[in-house]
Amino acid sequence: MATNKECLVIVLDVRTCAAEDFKLKSVKCVAEILKDKIVCSSKDYVSFVLVGSAKNTDDCQNVIYFKEGSVQLCSWQLLLDLFTFVNETACEQGEWLDGIKVALDMQENALALKPARRRILLLFDFNSMPQSYENFNSITDELLNSGIELIVGSHNIAYIDNMESGEPQAIFNFSRKCTAEELENQKYALNLVPRCNATLCSFKETLQTVFRVTNRRPWTWNSTLCIGSKISINVQGMIAMKNQTPVKLNRVWAVSDEEVSRETHHFMKGAEVTPLPEDLMTGYMLGGTAVPYDDTLLEPKAPHPPGLHFFGFIKRDSVPDEYFSGDSLYVVAHQKGSTVSANKLDALVRALDSSNHAMLCWKIYSPKLNTPKMVILLPKLPDDSHPAMLYMLELSYTSQHHFWDFPSLRTTKSECSEEQLEAIDRLIDSTDLECSLSNTHQPRQWRQNDLLPFDSLPSIFEQNVMDVLERRVIKEGSLRDDDQQFKEMLKDKNFVDVFWSVPEALEEKSKQAASTVKKLFPLKHSRAWLEKLQAKEQAENALPIKDEPQDKEIPMPADGVGLVASAQDYTRILASIRSISNVTRRDAQFQTLAAQVRVVIFTLLERKKLNLEQLGELISLYRQSCLDFNAFLEYDKFTEELKKIVVAKRLQEFWTDIMDDKQLGPLVLGQPTLDDELNLKAYYTIDWQGVP
Amino acid sequence: MSTWNPANDVDLLSGSEDEEDIAMKRDYHGREAILFVVDANLQTAGIGRLMEALNIIRTAFISGMLVNDKDLIGLVFANTKHSPLPLEASCVETIVVPENCAVFLPLRQLTKPIVEHYLEFMGTVESQFATEYGLVEPDGRGKFDLMIRLCIELLEKCGKKLNNAKIAYVTDVDTPHLPSSNEFQAALQKAIDLEGKEFEFHVIPMNDDFDYGPFYKEFITLSRAIELDAFVEPDPSLLREMLADRKLKQDFLRRCLGHFAFHLGPNLSMSVQYYNYFQRRALPRKVQIMRRDNSVVSTKRQIIVRKHEGEEIKHEYQMKANQGWYKFDLGEKSLRLTMTRMDMVRNMHKPHMQLLGFKHRSALPEVLYSKPSNFMYPDDQSIIGSKRLFRGLWERCLQREKIIVCLFMSKRKSIPRYVVLVPVQVDKSEVKSYRSQLCGDGFKIVYLPEAKHIRHIDMCDWNNTANSADDEKVDFFQKIIKRLRIDYQPNLINDPSLDYLQANLLALSLDITTDSKGIDELLDTTAQDKRIEKYMPDYERLFDVEAVPAKKRPAKASANGASSSKMPKIDMKQIESYEFVEYLIAEERLTSCTVAQLQWILQKHFDENLPKSSPKDRLVKCIVALSAGKAGT
């Protein structure tokens, strides 16, 4: 089986002379890579090498590798191990070429795992600490020959456009003074690019480069494109863009020894019925009437032949892109290796492009997924990187279309003054993502001459999920883990707002322009609308509670009240009992729980050293719940028994500090009468001298 | 039991993001209603025009039944002389039916008997309509305000909660009352009532030279609370066509997917609303019914958790889908992230849109797709003054060819998405084409794919200098394109599987046969073949015959688990020709042949016999050497 798994060895700089900020950033960078690989449940292998540790490997000084040097599958445990690993004792010395050498050895050993792609990521501070470059040529040759890709990430990286090719190129930022050693180091780092096709990038670009992988063997849909019955082209469809998250999380409903099933239940007029399968048949609603529609009665038809069946050539711009539907964009290329089909497709694409036409086809995916779908094929002319291809998109049908009646925007009431339009122009100019960078010969901090390139937009939600999971893993073991704390964590973490603003470089200017616009355009929140909104919200919130109180029940926990965290157990079980809507069942459940907690209290009293705090909490909880559930008699009986035990075991401290002090004696209904007061006093008083 | 295995339930996290969830939820709180009002004046231009109107309503009835089974539909005649009672006379008891109006069908969910009754009525119209309903005397002008009052009353007393009520008035009289008359003023008063009650009013002209000027322009703008100069005059023939599909131009105020605030900067935001261009594919609702009496059985899927202890079931309870949790492992330990917490992560922001910056129109690649685009229009209701700011921004972007890059969270618990706002406007020259129906002035919201949604494919295995075709071949396809050109119209493309199902349902229940074309007919290529017949010799001359694509080993049949025997990658027939063998050698593809095939090649083309046990690479080397020798001689 061909897989696209990769083997990535990351070389980290931990030398004491490297900038602290740099080291923090590089660990963060590695953590991001690992997190991504974990949540996407990739089968990729990774490992780490540290340059600048106090320990040595066999042949390299100050370089150590992670866990016997074998590569690892990604897991949360590995992330935690990494955090401990980078804190190994460090020293001044360390050669990055040694690091790469060790990484190359690890790659060599990992060959047995048959990775499709092998990469080394070097995160190094090329500072003024001198390095030896004896082996530079031999190591770079080895990299080039073994086909291992090298990515080098560092700080002080800026980008300029190459004079000749116009492509962005990474350089070191010369804005500050560099020592001769530093320049020497940087020279070699820059030299890696021509020597072994390495990619040199800033931290942000490093992540992009690591995540951006090209696939030589994509999944393909093999098919034929037919025009009439004679012209046929063998093609392969491939997904170019798909609105699908790579994050995979397992969703479960039960613990491991429980069995989960999804069952179909039938209802007639609200009452559950259990019809035999043969009693049921399929039908469709035609207005208020159900029409029986038995698929089996209709003649079974032979499936339509799969493929792309030509429907018509249309003008390229006659189909509005508003009608494009589906969740993916395909490209259709000729069948790999078939020159005849390549010829035909090439001619077709060129003809479509020059006459400005597109093509409509019926797409039938396979004999099994046989529903015909209308697709539009748009030409994509060949270039150096790809042959002639067609874009393929699904089209919506006329029965789905909406026809709107939008009043014209240009009315006298909404007319803007010159001044207002100027303010808007200023807002547009000061928030321009491209123009502010028009001077392309100046070094810039980002690769592309665009503050927000369309091909590298982050996945905000996925990033948040990853961060939340990471937080959970790191915090594992800490005691508090409730929803409140979780909420605080979400608030405190600034990932919430990081994406939601104008890019930093433009922020100040844009803010000023926006405030001018604000001054010129009178805007007022409508009170009527707010009130309407609130009323609607209330109505919506009120509805479901009345509807389905049944579903609010919290399932009964399987365990009972334990001896360790008794109070917590008790509160938890009590909450689920309270949620039972059936009164009789609820009372019965409470009786069981009460019996359980009484046994627990008596058992706790048996102990040699009493945990007074725990006992006090548990008894007062129990007392309060008896009040709530009207279980007065039972509690009275319990207090009598309790007193007997206390007297028998002479638990004076418990009695005065807990029972008397916290007033945990028998319950009194309503305002206590004089009799009640006297009885209570009698209960709390024990004549310890008189006890034998 | 289904094949669903909860242990492997991989949640892709995108479950909550569904454009139309809001719309669906709202539909749950009320139904849609259409009240048709037919002007009896239609009979004066000949019974044909009236029949045409009734036919449109018939198709509307049927298509409505097929798609939105819960909708309420009613029919009223206006400007009649008599007021005959509807079939169920009792249902108009609580309603005051004014003079010159006749209720044919109060608002009802359509059923088979109702449609049958309507079809029966249509059969009698030609002979009996004039006598039974007649036309109000002397000039065919009944009171418009009373007619509207009746409609409002019918809608209000329909007994169901409505969320979207429309009145469709089918007429050919463009001036029901003269602008100076008292009746005109009374009618305008009713228009204001309609606006207050959020009932939509549509007029469907049955003649093409209909003039909105004297009456309807003012009436409609009042009933929608828009300015008089914002009124766009629709094309009558298009309206009729759409109505037959039971589509009315949707009122922008009530049919949006959601309202939200668009933040342009700190403290600067305007209120906007967004819409979809097309809805989810709507099929007739599939149900389970009892075989004996056709009664509907509703089904619910429930998640049941059980714990077994030996044979015995220790406990059993039902779980709601959102009560589960996400499981992930830390070493041996399994950790949880509950759905509620995931919801908190989703809910970190209120639904809104944040401006990130501007780019030039050309920065947007020609083909970029992530999900269907939406349309954005200002909303002056929540933040007063939004419309003017929106217009300013829109006009400047149009003029300077700018697009706006934003981050957009469309509703609660949804995933924030990067979007581009592209300014669009109605082209006045296209009023008669379907494009004018698409939307209006505003911004198109184009969803951008995230970096991880873009797949980078290295096409080096496809690239070959031999791929490119010469000019003659391109010319050939130019000719084919010319012969097989069509004009795109959205109604050209219907969903064949839906058509097929609907035709069957109508035939089964109402005995109506429709001339729906099956998909087989759509895939029929005879017409295409005929049009390009004369170019076929060129085709055969220009392009070689396609090599039979290599057969793949069929995937492992899951039933028996064993892998099937190896299929030869190269066809036996092909290696019979020596040229093909040479081609294989040149392409270094001899290894694709099986050992038996290589032996066969050696024997056939080179008269060589190697021992049966020879390994493959030895056979290949031998063939290459022999072929080189052959070429040398």
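Keep in mind it's a predicted model, so treat the numbers as computed, not measured.

## Here we look at the domain arrangement of chain A
Then step 1. Examined at the domain level, chain A breaks down into domain 1 (6–211), domain 2 (218–248 + 274–398) and domain 3 (566–690).
Then step 2. Put simply, the middle of domain 1 of chain A and the middle of domain 2 of chain A, counted by C-alpha atoms, are 45 Å apart.

## A few points about the pairing of strand E16 (residues 280–286) of chain A
Then step 1. One ladder, built from 5 bridges, connects E16(A) with strand E10 (residues 286–290) of chain B; its direction is antiparallel. Looking across to E10(B), one finds that Gly283(A) is bridged to Val287(B).
Then step 2. One ladder, built from 4 bridges, connects E16(A) with strand E17 (residues 289–292) of chain A; its direction is antiparallel. Each residue of the ladder has a partner; that of Leu286(A), found in E17(A), is Thr289(A).
Then step 3. Hairpin connection between E16(A) and E17(A): a loop of 2 residues separates the two successive antiparallel strands, and Gly287(A) in this loop has a positive phi of roughly 60°.

## Thoughts on the sheet that holds strand E2 (residues 31–39) of chain B
Residues and elements named next belong to chain B.
Then step 1. One open sheet accounts for 5 strands, arranged E4-E3-E2-E5-E6; its pairing is mixed. Two strands close off the open sheet at either side, each with one partner strand: strand E4 (101–109) and strand E6 (199–205). Neighbouring strand axes in the sheet, compared pairwise and without regard to direction, differ in orientation by 15° on average.
Then step 2. Relative to strand E5 (residues 162–171), E2 runs parallel, the two being bridged by 8 bridges. Looking at the pairing, Val 37 lines up with Tyr 169 of E5.

## Focus on the interface of chain B and chain A
Then step 1. Counting residues at the interface gives 186 residues for chain B and 178 residues for chain A.
Then step 2. In terms of residues, the side of chain B that touches chain A owes the most to one element, strand E11 (residues 296–309) of chain B, which gives 13 residues.
Then step 3. Across the side of chain B that touches chain A, the residue classes break down as 96 nonpolar, 47 polar and 43 charged.
Then step 4. Across 2 bridges, the pairing between strand E10 (residues 214–215) of chain A and strand E21 (residues 456–457) of chain B is parallel. What sits directly across from Asn215(A), in E21(B), is Ile457(B).

## Some words on the pairing of E11(B)
The side chains of a regular strand alternate between the sheet's two faces.
Then step 1. As judged from the 10 bridges shared by strand E14 (residues 258–268) of chain A and E11(B), these two strands associate in the antiparallel manner. Across the sheet, the residue bridging to Glu263(A) is Gln302(B), located in E11(B).
Then step 2. In this structure, E10(B) lies alongside E11(B), joined through 2 bridges in antiparallel fashion. Residue pairing across strands places Ile289(B) opposite Val296(B), the latter belonging to E11(B).
Then step 3. Where E10(B) folds back onto E11(B) in an antiparallel hairpin, the turn is made up of 5 residues, including Asn294(B), whose phi is positive at roughly 60°.
Then step 4. Bridging between E11(B) and strand E12 (residues 312–319) of chain B involves 7 bridges; their strand directions are antiparallel. Considered in E12(B), the bridge of Ile304(B) is made with Gln318(B).

Conventions we followed
The numbering scheme is per chain: residues are counted from 1 as the chain's sequence reads. Here chains are named by letter from A upward and ligands by number from 1 upward, in the order in which they appear as written. Since the coordinates come from a predicted model, pLDDT governs what is reported: local features require at least 70, and pairs of side-chain atoms require 80 or more to be given and counted, while whole-chain, interface and lining totals use all residues. Each domain's extent was defined by an automatic or database domain assignment. For two strands to pair, DSSP has to find at least two bridges joining them. Secondary structure follows DSSP: runs of H or I at least 4 residues long count as helices, runs of E at least 2 residues long count as strands, and numbering of each begins at the N terminus. Note on definitions: angles span 0 to 180 degrees between N-to-C directions of axes, and those axes are lines fitted to C-alpha atoms, for helices only across the stretch in contact. Placing C-beta atoms from the backbone, we regard two residues as in contact once those atoms come within 7 Å. Polar here means any residue outside two lists: the nonpolar Ala, Val, Leu, Ile, Met, Phe, Trp, Tyr, Cys and Pro, and the charged Asp, Glu, Lys and Arg; Gly therefore counts as polar.

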